[in-house]
Every structure is written in C-alpha cells, then in structure tokens.
Amino acid sequence: MSIANKPLSMTINGKAVGPLNVPDGLMMIDFLHEYVALTGSRLGCGQGVCRACVAILDNPDGTSEEIRTCITGAHFFQGKKVRTIEGHAKLNEKGEVVELSQIQQKFLEHYSFQCGYCTPGFVNAATVLVEKLKRQPVDKDQVEETITEALNDHICRCTGYVRYYEAVKDVVMNTPGLVKGSK
Amino acid sequence: MIAKPFRFVLIGLVTAILAGCGAEASSTADKAAAPASAEQVARGKYLARAADCAACHTAEDGGAPFAGGVALETPFGKLFGTNITPDKDHGIGNWSADDFYKALHDGVAPDKRLYPAMPYTSYRSLSRDDTDALYAYFMSVKPAKVANKEDELHFPFNLRFGIVFWNMLFLKDSLPDASTGQSASWQRGRYLAGALGHCAECHTPRGKLGQLDLDKPLTGGVLARIGAPDITPAGLAARGWTPKDLETFFATGVAPQGSAYGEMYPVIHLSSQHLSKTDLTAMATYLMGDKPPAPAPLKTVAADAAELNAGRQLYTAVCAGCHGREGEGKPNVTVAMKGNSTVRNADPRNLIVATLDGIKEQRFPNNGAMQEMPGFANKLNDKEMAQLANFLRASWGGQAADVTADAVKALR
C-alpha cells in the first residue's frame with residue numbers, strides 16, 4: 001500500500017513549522033520525533049492511556065488543553081498551535097537554557113521524578129492546569145482536589161506521584177491569582 | 001403531553017368496565033411452605049442471573065446485593081429498583097412464594113401494583129417451578145435494611161390504578177417470536193431470551209404508553225441514550241452476526257462485531273457471562289432461528305468522494321491512533337470499525353452517540369478489556385461528525401452515507 005503524503009504546517013513552541021511533506025496517517029509523536037527533531041515527548045503505551053506523550057494544544061480562544069500525541073494524527077495539527085516539553089524553558093541565542101518555567105523549576109526543587117520518562121507529560125499537564133487556574137481560580141480548599149483531578153490520568157511507574165503533587169501544589173499556592181481567598 | 005396518553009387510560013377504563021373487571025381475580029391458596037433445598041437455592045441463583053435481576057435491584061458501586069436503588073429513566077418519569085432481599089421492613093421478607101409468583105406473573109405485589117418497568121410482561125412466562133426457585137434464592141440472601149426510594153413519575157402515571165388498564169390492554173400471556181425453530185435448543189433459548197433474559201423489554205420498540213409493540217418483536221428500541229439494536233435473525237445477519245459470534249459475545253462481551261456497551265455492558269457482567277455454554281448456545285439459536293440466515297458480506301457503498309475524503313481525514317486525525325488506519329482495531333484496546341455491528345447498523349444513532357459521548361473503560365470476563373474512548377462532542381462540529389460517521393458507514397459499514405449534520409445536532 002502506498003503512503004500518501006500531504007503538506008503540513010503548524011506552529012510549534014511559537015515557531016512556524018512547514019509546510020513539510022508528511023504521510024497522512026502519521027501520528028503526531030512520530031512527526032515530532034522524526035520530522036522536527038523534538039524528541040522530548042515520550043512514547044509510552046502508544047494507545048492514549050499513560051499520557052507520557054501529552055503536549056499542549058493552544059486554542060484560538062486563548063485556552064490550552066492537553067493532547068495525546070501518540071493517538072492524534074499529525075495532520076490534526078494543520079494550522080494549529082502546539083507546545084511541547086522543549087518549549088517551556090527560556091533559551092539564549094545559542095539554544096542554551098537560561099531560565100526554567102515555574103513548573104519545571106519546582107519539579108526540580110521537589111525532585112519530582114526518578115526515571116523521568118513520564119515527566120514531559122506531567123510538566124505539560126501541570127502547565128495546562130496553571131493556565132486554567134489563571135483564568136478560573138479555585139478556592140483554597142479545592143486546590144488538592146483540583147490538582148489530583150488534573151494529574152490523575154497520568155501514569156508514573158516510579159511512584160513519583162507525591163512529589164509531582166507537592167511541586168504543583170507549591171506553584172499553585174505561591175503564584176498570585178490562582179487561588180481565591182479561603183472561604 | 002398528557003392529553004393523549006390520558007385518553008388511552010380512559011379507553012382502558014371503558015374497556016375495563018366492559019370486561020367486567022375480571023382480570024383482577026386470581027387467587028390460589030398458598031402452597032405449604034416447604035423448606036428450600038440447597039439445590040433449589042442454587043438453581044434460583046442461576047435463574048436470578050439469567051433473569052438479570054441485579055441490573056435493577058443491586059445498586060452499582062457497592063450497593064448491597066438486591067437491596068434496590070437503581071434508577072430507571074422512562075419517558076414517564078424515574079423509577080427505582082426495589083429491595084428484594086428478605087428484609088421484613090423494606091424487602092420481601094413477609095412475602096410468600098405465591099406472592100412472589102404473582103409479582104412476577106401478574107405484576108401484583110402484596111401491597112401494590114408494580115409498574116411494568118418491572119418486566120412481568122416477560123417474566124409472566126416463567127414456570128412456577130422457576131419462580132419458586134428464585135423465591136428460595138432471594139429468601140436465602142442477606143437481608144438488607146435499605147429503604148426503597150420513592151418513584152418520581154409524572155401525572156397521570158404516578159397513579160398506580162392506571163396499571164390495571166395498562167395490563168388489560170397490553171399484558172399478554174406470551175410474547176411473539178422473531179425467529180422460527182422447533183429444536184430443543186431453540187425452545188430453551190426462547191425461554192431464556194424471552195421469559196428470563198427479557199430481551200424484548202429493550203429490543204422491542206414501545207408505543208406511547210410504554211407498551212411493547214408486539215407487531216415488531218426484537219426489531220430494536222430506544223429506551224436509553226444508546227439504543228437497543230434490531231436482534232431479529234435478519235437484523236443480526238445484516239450486521240454480520242452468526243450464532244457462534246453471538247455466543248462468544250454473551251460469554252465474553254467481545255466479538256469480531258464489537259464489544260458490549262451502553263445497557264448491554266451490565267447485561268454481560270451480571271447475567272450472560274454466568275450462563276452455561278448450552279444455555280448460551282440456546283439463546284443464540286433462538287435469536288437467529290434453527291436455520292440462521294447467512295451473515296451479510298460487507299460491501300462498500302458509493303458516496304461523494306470529497307465528503308468521504310473529509311471523513312477519512314477526520315478518522316485519521318482523531319480515530320486511527322487507536323482504531324487502526326484501516327479500522328482493524330487493537331485487541332483489548334479498541335474494537336474494529338471495519339464490519340463493526342454499530343457501524344453496520346442502518347440507524348446511525350448509536351454510532352453518533354458513542355462518538356459524541358465516548359465510552360468508559362471496559363473490563364470483560366477472562367481479563368478482556370477495552371480502553372476508555374474519549375467523547376468528541378467538543379472536538380468535532382456537527383458537520384464533521386456527520387462526515388466521520390458517513391465515512392465509517394460507507395467504507396466499513398455497508399450503509400449509505402446519509403447522516404446529516406442536523407441528525408448529529410439532534411443527538412447532542
């Protein structure tokens with residue numbers, strides 16, 4: 001069976017990519033790895049369960065959401081804006097990291113991972129959560145439940161959940177505007 | 001709309017007067033209560049599974065067995081399964097075997113008439129031996145002090161005396177067959193699927209007063225959001241079913257034609273997986289008949305190329321990752337779309353609803369599983385949903401690409 005290629009363009013981490021000639025059935029994670037050399041997104045289960053492959057989709061209305069790149073076709077992203085784990089830290093002209101994102105920094109401080117395979121998905125999920133809380137802050141007494149709900153689908157095999165949780169809670173509690181005053 | 005159904009009730013009232021109210025009178029002296037044997041209790045347990053009593057009488061997520069509380073949404077309001085444990089205050093602890101028989105056979109409990117949500121319309125055909133075994137089993141389960149919930153029915157359906165007329169009009173001694181057969185297996189299957197399994201209650205369409213449309217047995221009904229498909233021999237064969245595949249489906253919840261979802265998912269778990277192979281063969285034999293029609297080969301249907309291509313693009317973008325590029329599915333992950341019973345259904349309702357709402361992760365007997373299917377209600381608009389459904393129907397369902405955006409909108 002012949003593979004049909006189609007031109008594909010999108011914005012990844014703020015940069016315009018393409019048009020590239022890409023097979024129409026290619027999954028996004030393979031596109032990221034093989035066509036644009038962004039290898040930070042992890043292929044875990046390959047069937048949308050573990051969330052190691054999660055990237056961030058930026059919607060035109062300013063909202064952001066998690067998207068599983070292992071089960072979403074690359075061409076789904078035609079004309080769309082996406083962020084991957086490589087897009088969080090600030091880089092200098094040489095491509096060196098000069099400043100981590102707040103989530104990344106807190107993950108480091110809390111030593112929130114062991115093998116690190118699922119970390120890209122967790123960082124992206126936590127980032128989406130923080131962005132959502134900027135738009136819709138929650139009451140202080142809902143913080144724990146909100147974090148649990150946001151990260152619950154992500155699987156970590158090194159039992160790092162508690163440290164992820166603590167890092168995200170640290171960010172949420174110490175970033176102005178994410179939490180409403182306690183009741 | 002109360003006026004029209006109410007008119008039916010009035011007709012029923014007149015009918016009742018003409019008939020001289022004869023249907024009420026039926027009283028038999030209670031049989032001497034012989035102690036139940038272990039064998040009878042065991043048989044009753046098997047029958048309770050075959051009749052899927054737990055579906056309505058055991059609340060999900062840790063409800064005490066047979067203590068009731070399961071909500072049943074009907075066009076007439078909400079009803080709740082009742083406590084059928086031997087608790088004397090809330091359950092059936094004070095019932096005799098005769099009382100129990102009358103509840104199943106006539107829909108009449110000692111204290112009230114039952115609404116036909118309790119499928120006595122089907123259970124009516126149960127043998128007295130079997131209702132006695134069921135009674136023995138329920139009297140052996142742990143009594144649960146769980147109060148029954150009040151029904152939430154709209155007027156005039158909240159008036160139980162209306163059931164008298166409903167029964168006169170609609171309660172029949174036997175239900176019509178959709179298949180033909182004479183074999184012992186077919187006969188046994190008829191009893192299992194009709195009297196016990198009460199398949200007709202969901203799979204036969206219903207009229208305005210909730211009565212089974214007995215002119216169209218097992219041709220499919222839409223009581224719930226996921227409709228119950230046509231399970232006549234012709235309907236099943238048209239979607240590629242064979243008796244053997246049906247048997248596999250009843251035993252495991254998964255067949256080449258797809259996996260159980262919607263209301264059928266608990267049926268597999270609570271009922272059919274526990275039945276003997278002989279009984280499952282019998283049910284499949286009954287549903288498809290002694291001479292089952294050959295499964296219809298899958299054909300591709302011509303459709304507008306641009307629309308089909310648009311649907312294919314959508315499929316590749318958001319479905320193929322799990323269901324496979326060629327719709328082949330992945331074992332214990334997703335069902336195949338190619339030749340899928342829901343895709344092959346002429347009525348696109350379930351295909352659209354499943355795509356809009358998604359399906360929760362499923363566990364099946366023998367460690368089978370299907371992972372969670374996300375809903376696409378917020379991802380795809382009506383037009384895209386229709387294009388996707390049409391691509392599936394024409395390519396892998398042998399159905400016309402006739403789903404409209406309006407049809408999708410109506411199901412949101």
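Residues numbered from 1 in each chain as written. Chains lettered and ligands numbered in written order. Predicted model: local features only at pLDDT ≥ 70, side-chain atom pairs only at ≥ 80, totals over all residues. Heavy atoms only, no water.

The next subject is the overall build of chain A. Tallying secondary structure elements over chain A gives five helices and nine strands in all. Along chain A, helices and strands appear, N-terminal first, in the series β-β-α-β-β-β-β-β-α-α-β-α-α-β. A globule of 183 residues ought to have a C-alpha radius of gyration of about 16 Å, and chain A, at 17 Å, matches this closely. Counting only C-alpha atoms, chain A reaches 60 × 35 × 35 Å along its principal axes. Considering only residue pairs separated by 6 or more positions, chain A has 59% of its internal contacts joining residues 24 or more positions apart. Summing over all exposed atoms, chain A offers an accessible surface of approximately 9,500 Å²; the carbon and sulfur share of this is 51%. Chain A carries 20 positive and 21 negative side-chain charges, and their two centres are separated by 1 Å. (Helix = DSSP H or I, 4+ residues; strand = E, 2+ residues; numbered from the N terminus. Rg over C-alpha atoms; globule rule 2.2 N^0.38 Å. Contact = heavy atoms within 4.5 Å. Areas by Shrake-Rupley, 256 points an atom, 1.4 Å probe, with all protein chains shown as cover. Lys, Arg positive; Asp, Glu negative; His and termini not counted. Charge placed at Lys NZ, Arg CZ, Asp CG, Glu CD.)

Here the focus is the interface of chain A and chain B. Taken residue by residue, the interface counts 15 residues in chain A and 14 residues in chain B. Here chain A packs against chain B, burying approximately 1,300 Å² in sum over the two surfaces, 51% of which is carbon and sulfur. The interface formed by chain A and chain B contains two salt bridges. Put simply, E65(A) and K379(B) hold a salt bridge, and the shortest N to O gap is 2.6 Å. Taken together, the connections running from chain A to chain B amount to five residue pairs in polar contact (both at pLDDT 80 or more). Along the lines of polarity and charge, the residues of the side of chain A that touches chain B split into five nonpolar, six polar and four charged. (Buried area = accessible area lost by both parts, 1.4 Å probe. Salt bridge = Lys/Arg side-chain N within 4 Å of Asp/Glu carboxyl O. Polar contact = N/O pair within 3.5 Å; in protein donor to acceptor, adjacent residues only side chain to side chain. Nonpolar A, V, L, I, M, F, W, Y, C, P; charged D, E, K, R; others polar.)

Residue position: L209(B) is located in the loop between α9 (200–203) and α10 (233–238). Taking the C-alpha atoms as reference, L209(B) lies 9.5 Å from F157(B); in sequence the two are 52 residues apart.

Turning next to the sheet that holds strand β1 (residues 71–74) of chain B. Residues and elements named next belong to chain B. Read from one edge to the other, the open sheet built from three strands follows the order β1-β2-β3, with strand pairing classed as antiparallel. Each of the sheet's edge strands pairs with one partner strand only, and the pair in question is β1 and β3 (152–153). The pairing of strand β2 (residues 77–80) with β3 spans two bridges and is classified as antiparallel. What sits directly across from G77, in β3, is L153. (Pairing = 2+ DSSP bridges.)

Residue and element names in this part refer to chain B. Tracing the sequence through the fold places G162 in helix α7 (residues 162–170). Look at G162 and you get buried, because its relative accessible area is 18%. Separated by 47 residues in the primary sequence, G162 and Y115 place their C-alpha atoms 9.6 Å from one another. (Buried < 20%, exposed > 50% of the residue type's maximum accessible area, 1.4 Å probe, protein only.)

Residues and elements named next belong to chain B. Sheet topology note: the β1/β2 ladder contains four bridges and is antiparallel. Bridge assignment links E73 to a residue of β2, and that residue is K78. The loop that links β1 with its antiparallel partner β2 comprises two residues.

Okay, the domain arrangement of chain B next. Residues and elements named next belong to chain B. By the assigned domains, chain B splits into domain 1 (38–170), domain 2 (184–288) and domain 3 (305–411). Relative placement of domain 1 and domain 2: their C-alpha centres are 21 Å apart. Residue-level contacts link 22 residues of domain 1 with 21 residues of domain 2. Across the interface of domain 1 and domain 2, roughly 1,900 Å² is buried in total on both sides, 62% from carbon and sulfur atoms. Put simply, domain 1 and domain 2 have ten residue pairs in polar contact (both at pLDDT 80 or more) between them. For the side of domain 1 that touches domain 2, the leading source of residues is helix α2 (residues 38–50), giving four residues. Taken together, the residues of the side of domain 1 that touches domain 2 sort by class into 15 nonpolar, four polar and three charged. (Domains from an automatic or database assignment.)

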